[in-house]
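Remarks on the overall topology
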Amino acid sequence: MATATVLKNNAKTDYASAADIEEQLQKLSADVAALTKTMADFGNGKMDEAVKQARTLKDDMVERSAVVAADTKKRLVSAESDFEDQVRAHPLAAIGIAAGVGFLAALMSKR
């Protein structure tokens, strides 16, 4: 019990002053500003990363498109060559097929 009495007598009662509150608000404001800067830096880093990924994706798509276009052109040239070879090998059949397709086209255009 003696301890409790000593603590009561030695207890110091401090109240916050307006200066203490102002100091804490300034610290809080500085912390918020630092947090805002950190978040902005983080966002800029993520944006730079996204831009790099988009550029890589664009370059990859351009490369793939060029490969597909070259392959398609090669196939069309090959198909054209094969068609010409078949026409030269069977000219009467080619004329008959052309006449049939022309007749069907004429019938369809009348409707």
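Please refer to the structure higher up on the page.
Everything quoted here is computed from the prediction, not taken from an experiment. (Residues numbered from 1 in each chain as written. Predicted model: local features only at pLDDT ≥ 70, side-chain atom pairs only at ≥ 80, totals over all residues. Heavy atoms only, no water.)

1. Examining the overall build of the chain
A count of helical and extended segments in the chain gives three helices and zero strands. Counting helices and strands in the order they occur from the N terminus, the chain gives α-α-α. Per-residue burial over the chain gives 0% buried out of 111 residues. With an accessible surface of roughly 10,400 Å², the chain has 65% of that area assigned to carbon and sulfur atoms. (Helix = DSSP H or I, 4+ residues; strand = E, 2+ residues; numbered from the N terminus. Buried < 20%, exposed > 50% of the residue type's maximum accessible area, 1.4 Å probe, protein only. Areas by Shrake-Rupley, 256 points an atom, 1.4 Å probe, with all protein chains shown as cover.)

2. Regarding a nonpolar patch on the surface
A cluster of nonpolar side chains, namely I21, L25, L28 and V32, defines an oily patch on the protein surface of about 380 Å² accessible area. Tracing the sequence through the fold places I21 in helix 2 (residues 18-89). (Patch = residues over 30% accessible without salt bridge, like charges linked within 9 Å, V, L, I, M, F, W, Y side chains within 5 Å. Salt bridge = Lys/Arg side-chain N within 4 Å of Asp/Glu carboxyl O.)

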